[in-house]
Protein chains: 2
Amino acid sequence: MKILLPDTMPLDPTLPEGWEAVTVDARTEIPAAHHDADVLVLWGPSRVHLSSAVENLDNLRFVQSLSAGIDGILTAGFRDDVVIAAGAGLHSLTVSEHALALLLSLLRRLPEAREAQARHEWSTELGGLQPLHPEDRVTSLIGAKVLIWGFGQIGQTLAPTLTALGAQVRGAARSAGTRNGVEVIEETDVLAALPEVDVLIDILPASEQTAGAVGREVLAALPDHAILINVGRGTTVDQVALREALEAGTLGSAGLDVTDPEPLPATDPLWDAPRLLITPHGAGGRPVGADERISTNVRALVDGTEILHAAAR
Amino acid sequence: MKILLPDTMPLDPTLPEGWEAVTVDARTEIPAAHHDADVLVLWGPSRVHLSSAVENLDNLRFVQSLSAGIDGILTAGFRDDVVIAAGAGLHSLTVSEHALALLLSLLRRLPEAREAQARHEWSTELGGLQPLHPEDRVTSLIGAKVLIWGFGQIGQTLAPTLTALGAQVRGAARSAGTRNGVEVIEETDVLAALPEVDVLIDILPASEQTAGAVGREVLAALPDHAILINVGRGTTVDQVALREALEAGTLGSAGLDVTDPEPLPATDPLWDAPRLLITPHGAGGRPVGADERISTNVRALVDGTEILHAAAR
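Sequence order as written defines the numbering, with residues in each chain counted from 1. Working convention: letters from A go to chains and numbers from 1 go to ligands, in the order in which they are written. In keeping with the model being predicted, local features are shown solely for residues with a pLDDT of at least 70 and side-chain atom pairs are shown and tallied solely at 80 or more, while totals for entire chains, interfaces and linings include all residues. Think of the side-chain values as coming from all heavy atoms in the structure, minus any hydrogens and water.

**Q** Talk me through helix H5 (residues 153-164) of chain A; I want residue IDs and the actual numbers.
**A** Three exposure classes are used, based on accessible area relative to the maximum for each residue type with a 1.4 Å probe and protein chains only: buried under 20%, partly exposed in between, and exposed over 50%. Think of it this way: any DSSP run of H or I at least four residues long counts as a helix, any run of E at least two long counts as a strand, and we number them from the N terminus. Of all the positions in H5 of chain A, only Ile154, Gly155, Leu158, Ala159, Thr161 and Leu162 of chain A are classed as buried. Looking one or two residues past H5 of chain A, glycine 166 of chain A carries a phi angle of roughly 110°, positive in sign.

Set out below in structure tokens:
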């Protein structure tokens, strides 16, 4: 049996006896010598690589992506009997860390502090005695009401940290309930909940349903002091509406790790929106626990047991 | 019985029956009508206010400061029988939140992202696929070795959050042991521990012993990729040595909420040190739980039981 590993990150999974692991260039076509592969691991594949896999790997039974979002792989044209698994959970720690970095940076006004520093100015507005809860802004997670929209693995990793820092955290997902001790509301109830939300964290996946989810209506429903973080997908935010809300002062601040499109064109006016922090899709990009996931899922494939995060097809 | 509350923050403590609370201007002399006060609460007092209290409050039995550091109050000249209590713990959540904000901002290179944003540049260096543990820098708390030097209430509040984010946390204090599940080393062992430290968080108080604690020797012992955070006192860092380490590339980056002196003069070359983020002493500045602390300690004063965080005099 043969498994193809991408050269885009160091990997060393533990495989069942008799399995051969071959590292291939994830940016080019798969060499003919390896068209007999049974399993393919994908991390940052080029389109050419993906097409080559679809066309040439006749023995392929299982595709393990290390990405959390696999919409591009599901529609690439693999045979229906090929199992495709997402790398769900491999990015929970890194993406939640980045979401927290963006949020705390905005709460603690670090971009403004950096600008004052460049002017050699010890800003009395940014330091010294201050109210814990000023009327017109949120400056700390203590007592802050946070809503995590798209409450999957990343949100569930992030929530306890926000709680430990003093925030009141709720999630929003397709079905209501309690997950890991966090109250989760239905997505249809998000709009009604927003007037009480200080921080909205968007971790929505890309889909037809989520396109433009954070649009004019949502932004208008949030308080003027609210902070928006997006570490989900760029398409979920209406960027024109976001810029207008920031310019009008009807949104406190925003931090985006994702945009639509990516890269964001140099001519896009979003770059200059006030109180906006953009990072170039750097939240994840480094799967944690990839070897263990590959090992577990290859074992499951061999044993005929459940493959973790296999997509419904 | 009378308690004087400062006008520098909203306060509404629960007091024993018969007690009168009077709010006074913390920036000026205490009015003669209130020279009969039994208890004085201090938050951001002016020197004039403090002198007036020392000279005029003949019935004074107890001073409750809401600050964590009370060196200035202890040396102000109050009679030896006046109990003076520090506001220890009231700043743990806010200061640990700020330390985390500075640290995550540096780990996730948000100042560089902000600069790229100003140039309308989608920096491929700051995003996309990346190694989890590059050789020459620390980019995540996952697996990072953190040492918190000065492991009091703030450090013990911060440690579990860092651990939850994937860091390996140790403390350094006057005596070794285990506190709240965190291994604490003796301060005399700090220098030997530094070569293995990725992040050094300074939460040391100001004292003769801590002056310049983070100096040439400490900075040289840290790896070149290490990150330094100071939310303790500015005097604990040798700022010339820090600037030289940043300029020479023998320290990864640094975040300071405190400097020596404060405000940092506009002419100080520290402002322009590379990979340095300065905030103007804004970590705390907003006591959390002040009413409860005042209530508890006035009750203890009346009952003759132990007053929380009373200073040894």
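**Q** Would you mind going over the domain arrangement of chain A in detail, with residue names and values included?
**A** All names here are of chain A. Along its sequence, chain A is carved into domain 1 (2-90 + 287-303) and domain 2 (92-278). Centre-to-centre separation of domain 1 and domain 2, based on C-alpha positions: 34 Å. Listed per partner, the contact involves five residues of domain 1 and five residues of domain 2. Together, the buried faces of domain 1 and domain 2 total about 380 Å²; carbon and sulfur atoms form 54% of this surface. Once two parts are brought into contact, the accessible area they lose, counted with a 1.4 Å probe and summed over both, makes up the buried area. For domain 1, the biggest contributors to the area lost against domain 2 are Asp71, Gly89 and Val288; these three give 64% of the whole. The term salt bridge refers to a side-chain nitrogen of Lys or Arg lying within 4 Å of a carboxyl oxygen of Asp or Glu. In this assembly, domain 1 and domain 2 are joined by zero salt bridges. Nitrogen and oxygen atoms within 3.5 Å of one another constitute a polar contact, given that in protein one can donate a hydrogen and the other can accept it, and given that sequence-neighbouring residues count only through two side-chain atoms. Here domain 1 is connected to domain 2 by one residue pair in polar contact (both at pLDDT 80 or more). Any residue that is not Ala, Val, Leu, Ile, Met, Phe, Trp, Tyr, Cys, Pro, Asp, Glu, Lys or Arg is counted as polar, Gly included; the first ten are nonpolar and the last four charged. Residues that form the side of domain 1 that touches domain 2 fall into these classes: two nonpolar, two polar and one charged. Either an automatic procedure or a domain database provided the assignment from which the domain bounds are taken. Only heavy atoms enter the contact rule, under which two residues are in contact if any of them lie within 4.5 Å.

**Q** So, the packing of helix H3 (residues 92-107) of chain B against helix H5 (residues 153-164) of chain B: which residues are in play, and what are the values?
**A** Residue and element names in this part refer to chain B. For helices, the axis comes from a line fit to the C-alpha atoms of the stretch in contact; other axes are also lines fit to C-alpha atoms, and the angle between any two N-to-C directions lies between 0 and 180 degrees. With their axes 8 Å apart at the nearest point, H3 and H5 run at an angle of 50° to one another. Judged by the inter-axis angle, H3 sits oblique to H5. The two elements H3 and H5 cross, and the hand of that crossing is right-handed. Side by side, H3 and H5 meet where Ser92, Leu93, Val95, Ser96, Ala99, Leu100 and Leu103 of the first sit next to Gln153, Ile154, Thr157, Leu158, Thr161 and Leu162 of the second. For the contact of H3 with H5, a count of residues per class yields eight nonpolar, five polar and no charged. Should an angle fall under 35 degrees it is taken as roughly parallel, and over 145 as roughly antiparallel, whereas 65 to 115 is taken as roughly perpendicular and any remaining angle as oblique. Here a crossing is taken to be left-handed if its near helix is turned anticlockwise relative to the far helix by less than a right angle, and right-handed if that turn runs clockwise.

**Q** An account of the interface of chain A and chain B is needed here, citing residue identities and associated values.
**A** Taken together, the 58 residues of chain A in the interface contact 58 residues of chain B. In total, about 5,300 Å² of surface goes out of reach between chain A and chain B, with carbon and sulfur atoms giving 63% of it. By the criterion of area lost to chain B, the three top residues of chain A are Glu97, Arg108 and Trp122 of chain A, representing 17% of everything that side buries. Counting across the interface, chain A meets chain B through two salt bridges. Between arginine 108 of chain B and glutamate 97 of chain A there is a salt bridge whose closest N-O contact spans 2.9 Å. Our count for the contact surface shared by chain A and chain B stands at 36 residue pairs in polar contact (both at pLDDT 80 or more). Those elements that provide at least two residues to the side of chain A that touches chain B are helix H3 (92-107), helix H4 (110-118), H5 and strand S13 (276-278) of chain A. When residues in the side of chain A that touches chain B are grouped by element, the largest group, nine residues, is from H3 of chain A. Partitioned by chemical class, the residues of the side of chain A that touches chain B number 28 nonpolar, 20 polar and 10 charged.

**Q** Tell me about the relation of the copies chain A and chain B, residues and numbers included.
**A** Overlay of chain A on chain B (RMSD 0.1 Å): rotation 180°, translation along the axis 0.0 Å. The superposition of one copy onto the other is thereby described by a two-fold rotation axis. When the interface residues of chain A are mapped onto chain B, 100% of them again lie at the interface, so the same face is used by both copies. Here the copies were fitted onto each other by least squares, based on C-alpha atoms from residues at pLDDT of at least 70 in both.

**Q** Tell me about the nonpolar core, residues and numbers included.
**A** Among the buried residues, those of types Ala, Val, Leu, Ile, Met, Phe, Trp, Tyr and Cys that are joined through side-chain atoms within 4.5 Å form a nonpolar core. One finds Leu141 and Leu162 of chain A together with Leu162 of chain B to be the most contacted residues of the largest nonpolar core, which totals 68 residues. Residue contacts for leucine 162 of chain B: discarding those within four places in its chain leaves Leu100, Leu103, Leu141, Val146, Ile148, Ala167, Val169 and Ile201 of chain B. One finds Ala193, Leu219, Trp271 and Ile278 of chain B within the second-largest nonpolar core, a separate group that totals 33 residues.

**Q** Account for the side chain of threonine 210 of chain A, naming residues and giving values.
**A** Residue and element names in this part refer to chain A. By the element assignment, threonine 210 lies in the loop between strand S10 (199-202) and helix H7 (216-221). One polar contact links the side chain of threonine 210 to the main-chain carbonyl oxygen of proline 205, over a distance of 2.7 Å. If near-sequence neighbours (up to four positions away) are discounted, threonine 210 is found in contact with Leu204, Pro205, Thr235 and Thr236.

**Q** How would you explain the pattern of salt bridges if you had to name every residue and give the values?
**A** Applying the stated criterion across every chain yields a total of 20 salt bridges over all chains. Measuring nitrogen to oxygen at the nearest pair gives 3.2 Å for the salt bridge that ties aspartate 303 of chain B to arginine 299 of chain B. Placement of the pair is aspartate 303 of chain B and arginine 299 of chain B together in helix H9 (residues 290-303), with a separation of four residues, close to one helical turn. Take aspartate 303 of chain B: its relative accessible area is 44%, and that puts it in the partly exposed class. If you follow the salt bridges from partner to partner, you end up with Arg109, Glu112 and Glu125 of chain A in one network.

**Q** Give me the lowdown on the sheet that holds strand S8 (residues 177-179) of chain B, citing residues and values where you can.
**A** Residues and elements named next belong to chain B. When DSSP finds at least two bridges between two strands, those strands are taken to pair. Within the open sheet, the eight strands sit side by side as S8-S9-S7-S6-S10-S11-S12-S13. Their pairing is mixed. If you trace the sheet from one side to the other, it starts and ends with S8 and strand S13 (276-278), each paired once. Within this sheet the neighbouring strands show an average axis-to-axis angle of 20°, counted without direction. Sheet strands touched by helix H8 (residues 239-248): strand S11 (227-230), strand S12 (253-256) and S13. Its angle to S12, the strand with the most contacts, is close to 145°.

**Q** Mind laying out the packing of H3 of chain A against H3 of chain B, listing which residues take part and the relevant values?
**A** Running from N to C, H3 of chain A and H3 of chain B cross one another at 115°; their axes reach a closest spacing of 9 Å. In the packing of H3 of chain A onto H3 of chain B, the handedness of the crossing is left-handed. Every residue of H3 of chain B that contacts H3 of chain A at Glu97, Leu100, Ala101, Leu104 and Ser105 of chain A is listed here: Glu97, Leu100, Ala101, Leu104 and Ser105 of chain B. A per-class count over the contact of H3 of chain A with H3 of chain B returns six nonpolar, two polar and two charged.

**Q** Describe the sheet that holds strand S5 (residues 83-85) of chain A, with residues and values.
**A** Residues and elements named next belong to chain A. Across the sheet, which stays open at both edges, the five strands sit in the order S2-S1-S3-S4-S5 with parallel pairing between neighbours. A single partner strand is all that each edge strand has here, and the edge strands are strand S2 (20-24) and S5. Adjacent strand axes in the sheet meet at a mean angle of 15° when their direction is disregarded. As judged from the four bridges shared by strand S3 (residues 39-42) and strand S4 (residues 62-65), these two strands associate in the parallel manner. If you follow leucine 40 over to S4, its bridge partner there is valine 63. Lying over the sheet, helix H9 (residues 290-303) contacts strand S1 (2-6), S3, S4 and S5, oriented at roughly 160° with respect to S4.

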